[in-house]
Amino acid sequence: MTVRWTTAGESHGRGLVAILEGIPAGLAVSAARVNAELKRRMGGYGRGARMKIESDQIEWLAGVRAGETLGSPIAMLVWNRDWEHWQDVMAPEADPPERRRQVTRPRPGHADLAGSLKYDRRDARDILERASARETVARVACGAVSKLLLEQFGIEIGSHVAELGGVVARVPTPLPQPLNPAADASVVRCLDPEAEREMIARIDAAKATGDTLGGIVEVLALGVPVGLGSHVSWDRKLDGRLAQAVMSIPAVKGVELGLGFEAARRKGSEVHDEILPGFARATNRAGGTEGGMTTGEALVLRAAMKPISTLMSPLKTVDLATGAPAQAQSERSDVTAVPAMGVIAEAMVALVLAQAMGEKFGGDALVEMKRNYDGYQAQVRARTPKGAVS
Ligand code: EPS
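Presented here is an overview of the structure given in this document.

The rules behind the values
- Residues numbered from 1 in each chain as written.
- Predicted model: local features only at pLDDT ≥ 70, side-chain atom pairs only at ≥ 80, totals over all residues.
- Heavy atoms only, no water.
- Buried < 20%, exposed > 50% of the residue type's maximum accessible area, 1.4 Å probe, protein only.
- Helix = DSSP H or I, 4+ residues; strand = E, 2+ residues; numbered from the N terminus.
- Pairing = 2+ DSSP bridges.
- Near = heavy atom within 4 Å.
- Polar contact = N/O pair within 3.5 Å; in protein donor to acceptor, adjacent residues only side chain to side chain.
- Areas by Shrake-Rupley, 256 points an atom, 1.4 Å probe, with all protein chains shown as cover.
- Nonpolar A, V, L, I, M, F, W, Y, C, P; charged D, E, K, R; others polar.
- Phe/Tyr/Trp six-rings, centres within 6.5 Å; stacked < 30°, edge-to-face > 60°.
- Lys NZ or Arg CZ within 6 Å of the ring centre and 35° of its normal.
- Contact = heavy atoms within 4.5 Å.
- Axes fitted to C-alpha atoms, helices over the stretch in contact; angles between N-to-C directions.

So, on to the pairing of strand β6 (residues 74-79). With respect to burial, β6 is a largely interior element, 5 of its 6 residues being buried. Examined bridge by bridge, strand β2 (residues 15-21) and β6 share 6 bridges and lie antiparallel to one another. Following the sheet pairing, Val-17 is matched in β6 by Leu-77.

Turning next to the site of the ligand. Every residue near the ligand is listed here: His-12, Arg-41, Arg-47, Arg-50, Met-51, Ser-132, Ala-133, Arg-134, Arg-332, Ser-333 and Asp-334. Contacts to the ligand include Arg-47, whose side-chain N or O atom sits 3.3 Å from an oxygen atom. Arg-50 places a polar side-chain atom, nitrogen or oxygen, 2.8 Å from an oxygen atom of the ligand. Considering the ligand on its own, with 460 Å² of exposed area, one finds that the protein chains cover 92% of that surface. Considering only residue class, the shell around the ligand consists of 2 nonpolar, 3 polar and 6 charged.

Counted by the stated rule, this structure contains 3 aromatic pairs. Judged by centre distance (5.3 Å) and plane angle (75 degrees), the rings of Phe-361 and Tyr-373 are edge-to-face. Note that Phe-361 is positioned in helix α10 (residues 338-361) and Tyr-373 in helix α11 (residues 366-383), a separation of 12 residues in sequence. Relative accessible area serves as the criterion here: at 2%, Phe-361 is assigned to the buried category. By relative accessible area, Tyr-373 is classed as buried at 12%. Feature note: the residues Phe-153, Phe-361, Tyr-373 and Tyr-376 constitute an aromatic cluster, connected by ring pairs. Note that Lys-360 overlies the ring of Tyr-376, its terminal NZ or CZ placed 3.9 Å from the centroid.

The buried fraction of strand β9 (residues 215-222) amounts to 7 of the 8 residues, a majority that puts the element mostly inside the structure. Pairing geometry for strand β7 (residues 156-164) and β9, over 8 bridges, is antiparallel. Counted as the bridge partner of Leu-164 is Gly-215 from β9. Of the pairings in the sheet, the one linking β9 to strand β15 (residues 299-305) comprises 7 bridges and is antiparallel in character. Each bridged residue has a counterpart across the sheet, and for Ala-221 the counterpart in β15 is Leu-299.

This paragraph deals with the sheet that holds strand β10 (residues 252-257). Here we have 5 strands laid out as an open sheet, ordered β8-β7-β9-β15-β10, and antiparallel in their pairing. The outermost strands of the open sheet, each flanked by one partner alone, are β8 (167-168) and β10. Together, β7, β9, β10 and β15 form the strand contacts of α10, whose direction differs from that of β7 by roughly 145 degrees.

Geometric descriptors of this kind do not, in isolation, establish any biological role.
Set out below in structure tokens:
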């Protein structure tokens with residue numbers, strides 16, 4: 001069974017539902033561990049008032065019994081507290097009291113315009129409610145369960161903010177280990193205190209002028225075995241699958257592995273990671289994949305997020321109802337969500353890795369998956385020449 005997942009829910013609807021299938025039976029899970037990830041996602045300097053309203057917590061609906069997975073689809077529910085204020089606007093009944101809070105002035109950069117035309121909606125709220133990053137709550141819930149599975153195999157995923165609003169952080173080498181407690185200690189999830197101060201100042205300045213900011217997050221996965229993914233077909237290549245998963249996060253516009261775009265500017269001798277005795281690598285410029293497969297080195301992925309498209313000082317648009325020039329809709333929103341995006345990107349990486357681990361090691365039960373994993377690791381060790389690492 002392949003790991004697959006889906007989500008449902010509108011930003012100001014009743015709640016969000018996450019369904020995750022293909023996690024083997026016998027994995028110990030707890031709502032507390034999932035909720036801890038949801039809490040991390042809610043944080044970050046520059047978030048709007050909505051995060052003061054919500055207090056995201058899952059309720060298990062299916063797939064878990066006595067603290068263990070059953071191998072059946074896992075369903076989780078997160079109620080939207082803000083629903084209380086939106087019941088009449090978002091009511092599913094055919095005859096709500098009135099269709100209030102309509103959006104007819106599409107925001108440049110948002111799904112509003114293309115979605116309204118494609119789905120033939122007069123009210124862009126029918127589009128924006130689902131395009132909202134609120135949906136990522138459900139992804140992070142699925143990612144949290146995936147992380148628990150990966151932990152069983154010694155795989156650990158973390159992230160930190162490398163850039164925000166044009167401020168570039170000096171990334172410490174080596175990175176703190178474990179990474180997340182150190183990153184989470186910063187309100188912008190940045191490991192460079194000087195850059196953190198400047199990022200906060202720029203967020204304050206952007207807020208004062210009704211503007212928004214983007215940035216870059218780095219995600220690391222440690223302990224990933226060699227050989228996840230495959231070189232044989234385009235849709236099995238793990239680098240491509242990671243890129244697709246992370247690019248699907250709202251407002252993410254670029255994904256790099258290792259050197260990424262920088263590799264295009266260097267000579268081959270300055271890009272590739274030489275193979276040393278014991279199959280060790282002196283460098284990890286590839287970022288943990290070669291030929292669409294993991295190398296056994298750390299997976300290093302960077303995701304670039306554009307500034308949020310809801311501006312309090314709005315850009316020009318055209319009213320959907322009248323066709324007249326207008327100012328885009330401005331609603332309560334975040335100045336930046338880059339720190340949260342790192343947590344979401346961790347979840348997407350966790351889901352893709354859990355899926356790839358499931359493909360490689362199969363198993364309906366965790367014990368079976370572990371046996372397959374141990375056998376494969378022994379096979380790889382037997383192929384690995386002994387030798388001093390120079
Ligand atoms: C969002 C707008 C804001 C954000 C929201 C994404 O919500 P609201 O319109 O209710 O103020 O806070 O993000 C979340 C609710 C969340 O949980 O991440 C948007 O338009 O995309």
